[in-house]
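Understanding the architecture of this molecule
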There are 2 protein chains.
Amino acid sequence: MNIVLLSGGSGKRLWPLSNDIRSKQFIKIFKTEDGGYESMLQRVYRQIRQADPSAKVTIATSKAQVSAIRNQLGENAEVSVEPCRRDTFPAITLAVAYLHDVMGVTEEEPVVICPVDPYVEDEYFKAVEELGRQAAKGEANLVLMGIHPTYPSEKYGYIIPDDTSSISTVSTFKEKPDEKTAQEYISQGALWNGGVFACKLKYILDTAHELIDFEDYADLFDKYAELNKISFDYAVVENEKKIQVMRYEGQWKDLGTWNTLTEAMEENSVGNAVIGNTCQNVHVINELNVPILTMGVADMVISASPEGILVSDKKQSSYIKPYVDDISQQVMFAEKSWGSFRVLDVENESMTIKVTLNPGCRMNYHSHRNRDEVWTVVSGEGRTIVDGMEQKVTVGDVIAMEAGCRHTVIADTKLKLIEVQLGREISVDDKQKYPLE
Amino acid sequence: MNIVLLSGGSGKRLWPLSNDIRSKQFIKIFKTEDGGYESMLQRVYRQIRQADPSAKVTIATSKAQVSAIRNQLGENAEVSVEPCRRDTFPAITLAVAYLHDVMGVTEEEPVVICPVDPYVEDEYFKAVEELGRQAAKGEANLVLMGIHPTYPSEKYGYIIPDDTSSISTVSTFKEKPDEKTAQEYISQGALWNGGVFACKLKYILDTAHELIDFEDYADLFDKYAELNKISFDYAVVENEKKIQVMRYEGQWKDLGTWNTLTEAMEENSVGNAVIGNTCQNVHVINELNVPILTMGVADMVISASPEGILVSDKKQSSYIKPYVDDISQQVMFAEKSWGSFRVLDVENESMTIKVTLNPGCRMNYHSHRNRDEVWTVVSGEGRTIVDGMEQKVTVGDVIAMEAGCRHTVIADTKLKLIEVQLGREISVDDKQKYPLE
């Protein structure tokens, strides 16, 4: 089965754990069997591979998320990268063209498109497989997954099926309604549209060629910035008559707010936290190294990262966005394909960062125009290359690099270093990359 | 007037802003006229000097607090340092011997002893002056300040006066009572004993010579570790017949818990904080560089420092101590006589620290047995001395020092550096000091 996972969003709703470059699907919050924690992305990817070890999973995403995806899923995960953001129709088309032209999937094969961030049980992926098989039959051009609604949500579009059988044709779609209207839809047997659907590759490619002038994947990729922003629902689903819907009645949760996310946590805390015995219904997620102590509070989420600290009533937490919009701040931590970094200190003309490289990984070979850098290795072993000169480095080694100097570090073991950046105009954009000579 | 301020305590009740080396009196929480913040210590010191510019103020404290006192009050503040902690009778005796033998105060002059941490209005210091003048009259050996009780507290001892005049003799003392008994005392006209009293120097010196075998200040200082731990109340007050009490009816608050401390805050937040408009009676004190956002909560104190984060119902916050006892952690920040430091990162064999030196200040000339250090100057200008070699340093300079190497840095302007400590046994005790050659 071919599965495209749509990995989008730049979540402000889960601040401070999500930020401009870390979306909610990357937050490691779900307990694994070995006692560690995994993210929504890791959980979904693992669940798919457990349900169908032969599934071909491609993650359709933006440039900004590629490093985090590589960091969490490894180098072997297939990723179709959008050069820029152009809503779901261009994104899905690009991913399907990637499947066809790069991965060699034939036009007659089915593909299932689903968002990466629902919180689901393993049985969901059996339904996903089933959806693909139904699409392969060719009874309809599109097969949607209709999710059994658990409350009259105002967040979802509703699918009105023609009958109550497990697979049926679709009578009509309804846009996100108000609560009262949603209740009416539900009493009429309506289902949530969670954005999960299957079809043959051919269907998407043909529709796309009607709407976009492009040759193949490479051509579409080159033209991507010129495409109109348009959603798949608007460009395709609303104009399609031959649609089936398949009912899914299992657990399906959109963990988009702190309130819903904490409901899915197995324990009341992740990270260094002491929850006093006078607390009730309190969840603490702490990504800082210092303890959080909470006493005598109820129905609350407390969350801390290098970006900031949130203390909120759980229900109120869904109104977080305007507050976070006002908190303008540089990115204080990020996952990279080679590891991660965290800002430790910011001064007017300097910034101190902790850099962690995974074993066998290396940064791009690069230079900066406007800043000097000093590395002090604090853990592990590796090699630096500075203006073409390679040397072994280990704990205590200091490497000073002036602006303009080309440099990289290669981790032979897990390697950590403190990087002090020095200059008047320190910016993440001040970076020129070079091939390694 | 001679005033001895007793600066003691190692506050766990105001964690994470107080820790093993920072007591509550050093927390900068009170808004000043110029828009900055001052600590209880700075506030009391300023209030005394405003009330009586000629007052001779001596701060009696332990070694551990000297650096913070110098940092907050400057080099000119008179400090009588206890070599170790021996409760209030030895501490007061040592401070009074310091006044007599070092500062040349005569035996007939009065001295007022008061704790450094009550939160009071300026008029309190008029009462302190008055207390001193009353002691100078010699009508009694001791004159206590009797604080008008505002509620039947179980925290204070009670003074029962003989009559209701503003100055009267004392009938008896009552130990800390339960609430009901306290209420009875108050209805009988009892006053709180806040530990504020005045007497002539001679009285304390004579009493001390009866109880302790010592010659003078220097001798007492040398013998200090051998002295019994005993409180002034127990050693002196309870055995003295000629005691007067002077009523003080103005504001006098003991800001020993988050609940009482936040009552004294002028605004609801100190530091980087966003308090949502659905919050009620919330106080945020944030000493971290990242924002705290709070939404939909009530009657709460939120406090963050490099040591940790507290989120507590205000009333519950008085039960903090056992929780903090369980949070064992190294000291993450400290004020020093020359500036301050903050731990940025801890690894198995390294620790990264940000060091800030005030203009004109320098560290001790010192070496470490078990760790190398790397300094990178990130702000300001100064000079380093490394194994006797002095050199100018400025932003971007890197100084690598191996274990055993003697070193210091002198700040010509405010100077900040990132210090990476490297070694298997990193400890604050690993420090040998040397005179500057």
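Since the model is a prediction, treat every value here as computed from it, not as a measurement.

1. Focus on the overall build of chain A
Of regular secondary structure, chain A possesses 10 helices and 30 strands. For 437 residues, the compact-globule estimate of 2.2 N^0.38 gives 22 Å, and chain A sits close to it at 24 Å. Along the first, second and third principal axes, the C-alpha atoms of chain A reach 70 × 60 × 40 Å. Put simply, chain A has 437 residues, and 55% of those count as buried. Of the contacts made within chain A by residues no fewer than 6 positions apart, 66% connect residues no fewer than 24 positions apart. Charged side chains in chain A number 46 positive and 66 negative. The centres of these two groups are separated by 2 Å.

2. Let's talk about the side chain of B:Ser312
Secondary-structure assignment places B:Ser312 in strand E19 (residues 308-313). Using a relative accessible area of 0% as the deciding quantity, one classes B:Ser312 as buried. In this view, B:Ser312 contacts A:Met295, A:Val297, B:Asp299, B:Met300, B:Val301 and B:Ser317; residues no more than four positions away in its chain are not counted.

3. Examining the nonpolar core
By size, the foremost hydrophobic cluster in this structure holds 69 residues, and its most contacted members are A:Met300 and B:Met300. If sequence neighbours within four positions are ignored, A:Met300 has contacts with A:Asn281, A:Val282, A:His283, A:Val311, A:Ser312, A:Asp313, A:Lys314, B:Val297, B:Met300 and B:Val311. Ranked by size, the runner-up nonpolar core spans 42 residues in total, among them B:Phe26, B:Leu73, B:Val143 and B:Met246.

4. Quick notes on the pairing of strand E10 (residues 167-174) of chain B
All names here are of chain B. Inspection of the sheet shows strand E9 (residues 157-161) paired to E10 by four bridges, in the antiparallel sense. The residue of E10 that forms the bridge with Ile-160 is Thr-172. Remark: five residues form the turn of the hairpin made by E9 and E10, two consecutive strands paired antiparallel. Across three bridges, the pairing between E10 and strand E12 (residues 243-248) is antiparallel. Looking across to E12, one finds that Ile-167 is bridged to Met-246.

5. Some thoughts on the interface of chain B and chain A
On the side of chain A, 52 residues touch chain B, which itself brings 52 residues to the contact. When chain B packs against chain A, close to 4100 Å² is buried across both sides, 70% of that on carbon and sulfur atoms. At the junction of chain B with chain A, the criterion picks out six salt bridges. Between B:Glu347 and A:Lys416 there is a salt bridge, and its shortest N-O distance comes to 3.0 Å. For the pair chain B and chain A, the interface holds 24 residue pairs in polar contact (both at pLDDT 80 or more).

6. Let's talk about the relation of the copies chain B and chain A
The transform that puts chain B on chain A rotates by 179° and translates by 0.0 Å along the axis, for an RMSD of 0.1 Å. Expressed as an axis order, the relation between the two copies is that of a two-fold axis. For chain B, the residue whose C-alpha comes nearest the rotation axis is B:Leu344, separated from it by 3.0 Å. When the interface residues of chain B are mapped onto chain A, 100% of them again lie at the interface, so the same face is used by both copies.

7. What to know about the pairing of strand E29 (residues 415-422) of chain B
Residue and element names in this part refer to chain B. In terms of burial, E29 is a largely internal element, eight of the eight residues being buried. By the bridge criterion, seven bridges tie strand E24 (residues 372-379) to E29 in an arrangement that is antiparallel. Opposite Val-377, over in E29, you have Leu-417 as the bridge partner.

8. Some points on the sheet that holds strand E20 (residues 333-336) of chain B
Residue and element names in this part refer to chain B. The six strands lie next to each other as E20-E21-E22-E29-E24-E27, forming an open sheet whose pairing is antiparallel. Every interior strand has two partners, whereas the edge strands, E20 and strand E27 (398-401), have only one. When the angles between neighbouring strand axes are averaged without regard to direction, this sheet yields 20°.

9. Quick notes on the packing of aromatic side chains
In total, this model carries 26 aromatic pairs over all chains according to the counting rule given. Measuring from centroid to centroid gives 5.7 Å for A:Tyr156 and A:Trp252, while their planes differ by 65°, and the two rings are edge-to-face. Linking A:Tyr156 in the loop between strand E8 (142-147) and strand E9 (157-161) with A:Trp252 in strand E13 (residues 252-254), this pair joins segments that are 96 residues apart in sequence. We classify A:Tyr156 as buried; its relative accessible area is 8%. An aromatic cluster is defined as three or more aromatic residues linked by ring pairs; in this entry it consists of A:Tyr151, A:Tyr156, A:Trp192 and A:Trp252. Stacked on the ring of B:Phe30, the Lys or Arg B:Arg43 has its end atom at 5.8 Å from the ring centre.

10. Some points on a negative patch on the surface
A contiguous patch of negative charge, built from A:Asp101, A:Asp213, A:Glu215 and A:Asp216, is present on the exposed surface. Secondary-structure assignment places A:Asp213 in the loop between helix H6 (201-211) and helix H7 (217-223).

11. A closer look at unusual backbone geometry
Residues and elements named next belong to chain A. Residue Trp-15 is joined to Pro-16 through a cis peptide bond whose omega torsion reads 5°. Relative to the elements of secondary structure, Pro-16 occurs in the loop between strand E1 (2-7) and strand E2 (30-31). A positive phi angle is found at Asp-387, which is not glycine, with a value near 45°. With respect to the element layout, Asp-387 can be found in the loop between strand E25 (381-386) and strand E26 (389-394). Owing to a relative accessible area of 49%, Asp-387 belongs among the partly exposed residues under this scheme.

12. Section: the sheet that holds strand E24 (residues 372-379) of chain A
Residue and element names in this part refer to chain A. The six strands lie next to each other as E20-E21-E22-E29-E24-E27, forming an open sheet whose pairing is antiparallel. Each edge of the open sheet carries a strand with a single partner, namely strand E20 (333-336) and strand E27 (398-401). The average undirected angle you get between the axes of adjacent strands in this sheet is 20°. Where strand E22 (residues 350-357) meets strand E29 (residues 415-422), eight bridges bridge the pair, whose relative direction is antiparallel. Looking at the pairing, Ile-353 lines up with Glu-419 of E29. Seen against the sheet, helix H2 (residues 63-73) touches E20 and strand E21 (339-347) and runs at an angle of roughly 65° to E20.

13. Re the confidence of the model for chain A
When the pLDDT values of chain A are averaged, the result is 92; 99% of them are 70 or greater. In the predicted assembly, ipTM is 0.87 and pTM is 0.87.

14. Some details on the environment of B:Cys405
Residues and elements named next belong to chain B. You can see Cys-405 is positioned in the loop between E27 and strand E28 (407-411). Judged by its relative accessible area of 9%, Cys-405 is buried. When the C-alpha positions of Cys-405 and Cys-361 are compared, they lie 21 Å apart, and in sequence the two are 44 residues distant. Ignoring any residue separated from it by four or fewer positions in sequence, one finds Cys-405 in contact with His-366, Ser-367, Val-386 and Asp-387.

15. So, helix H6 (residues 201-211) of chain B
Every buried residue of H6(B) is accounted for by B:Leu201, B:Tyr203, B:Ile204, B:Leu205, B:Thr207 and B:Ala208. Elements in contact with the buried residues of H6(B): helix H3 (88-102), strand E6 (110-115), strand E8 (142-147), strand E11 (191-200) and helix H8 (232-235) of chain B.

16. Re the packing of helix H3 (residues 88-101) of chain A against H6(A)
A pair of packed helices can be characterised by two numbers: the angle between their axes and the separation between those axes. All names here are of chain A. Two elements in contact, H3 and H6, have axes separated by 10 Å at closest approach and are oriented at 125°. On the basis of the axis angle, H3 is oblique to H6. In terms of crossing hand, the pair formed by H3 and H6 is left-handed. In this structure, H3 contributes Phe-89, Ile-92, Thr-93, Val-96, Ala-97, Leu-99 and His-100 to the contact, and H6 contributes Leu-201, Ile-204, Leu-205, Ala-208 and Leu-211. Each residue belonging to the contact of H3 with H6 can be placed in one class, and the counts come to 10 nonpolar, two polar and no charged.

About the cut-offs
Residue numbers restart at each chain and count upward from 1, following the sequence in its written direction. Going through the entries in the order they are written, you letter the chains from A and number the ligands from 1. Totals for whole chains, interfaces and linings use every residue, but because this is a predicted model, local features are given only for residues with pLDDT of at least 70 and side-chain atom pairs only at 80 or more, for both listing and counting. Each side-chain value is derived from all of the structure's non-hydrogen atoms; neither hydrogens nor water enter the calculation. Helical segments are the DSSP runs of H or I of at least four residues, strand segments are the runs of E of at least two, and each set is numbered from the N terminus. With C-alpha atoms as the basis for the radius of gyration, the globule rule is written as 2.2 Å multiplied by the number of residues raised to the power 0.38. Relative accessible area decides the class of each residue, using a 1.4 Å probe on protein chains only: under 20% of the type maximum gives buried, over 50% gives exposed, and in between gives partly exposed. Contacts are assigned to residue pairs with any non-hydrogen atoms lying within 4.5 Å of each other. Positive charge is attributed to Lys and Arg, negative charge to Asp and Glu, and no charge count is given to His or to the chain ends. The location of each charge is read from NZ of Lys, CZ of Arg, CG of Asp or CD of Glu. Take the buried Ala, Val, Leu, Ile, Met, Phe, Trp, Tyr and Cys residues and link them wherever side-chain atoms come within 4.5 Å; each set so joined is a nonpolar core. In this description, strands pair whenever DSSP reports at least two bridges between them. Once two parts are joined, some of their accessible surface, as seen by a 1.4 Å probe, is lost; buried area is that loss totalled over both. Salt bridge criterion: a side-chain nitrogen from Lys or Arg within 4 Å of a carboxyl oxygen from Asp or Glu. The definition of a polar contact used here is a pair of N or O atoms within 3.5 Å, where within protein one atom must be able to donate a hydrogen and the other to accept one, and adjacent residues in sequence count solely through side-chain atom pairs. Copy-to-copy superposition: least squares on the C-alpha atoms, limited to residues that have pLDDT of at least 70 in both copies. Axis lines are fitted through C-alpha atoms, for helices just across the contact stretch, and the angle between N-to-C directions can take any value from 0 to 180 degrees. Two rings from Phe, Tyr or Trp (for Trp, the six-membered ring) form a pair when their centres sit within 6.5 Å of each other. Planes less than 30 degrees apart are called stacked, planes more than 60 degrees apart edge-to-face, and all others tilted. Ring-over charges, as used throughout, are those where CZ of Arg or NZ of Lys falls within 6 Å of the ring centre and within 35 degrees of the ring normal. Residues enter a patch when their relative accessible area is above 30% and they make no salt bridge; the linking distance is 9 Å between like charges and 5 Å between nonpolar side chains (Val, Leu, Ile, Met, Phe, Trp, Tyr). Exposure was quantified through the Shrake-Rupley algorithm and a 1.4 Å probe, taking into account, for residues, occlusion by the shown protein chains and nothing else. Scored from 0 to 100, pLDDT reflects the predictor's confidence in each residue. In what follows, roughly perpendicular refers to angles from 65 to 115 degrees, roughly parallel to angles under 35, roughly antiparallel to angles over 145, and oblique to any angle outside these ranges. Left-handed describes a crossing whose near helix is turned anticlockwise from the far helix through less than a right angle; right-handed describes the clockwise counterpart. The nonpolar class holds Ala, Val, Leu, Ile, Met, Phe, Trp, Tyr, Cys and Pro. Asp, Glu, Lys and Arg form the charged class, and all remaining residues, Gly among them, are polar.

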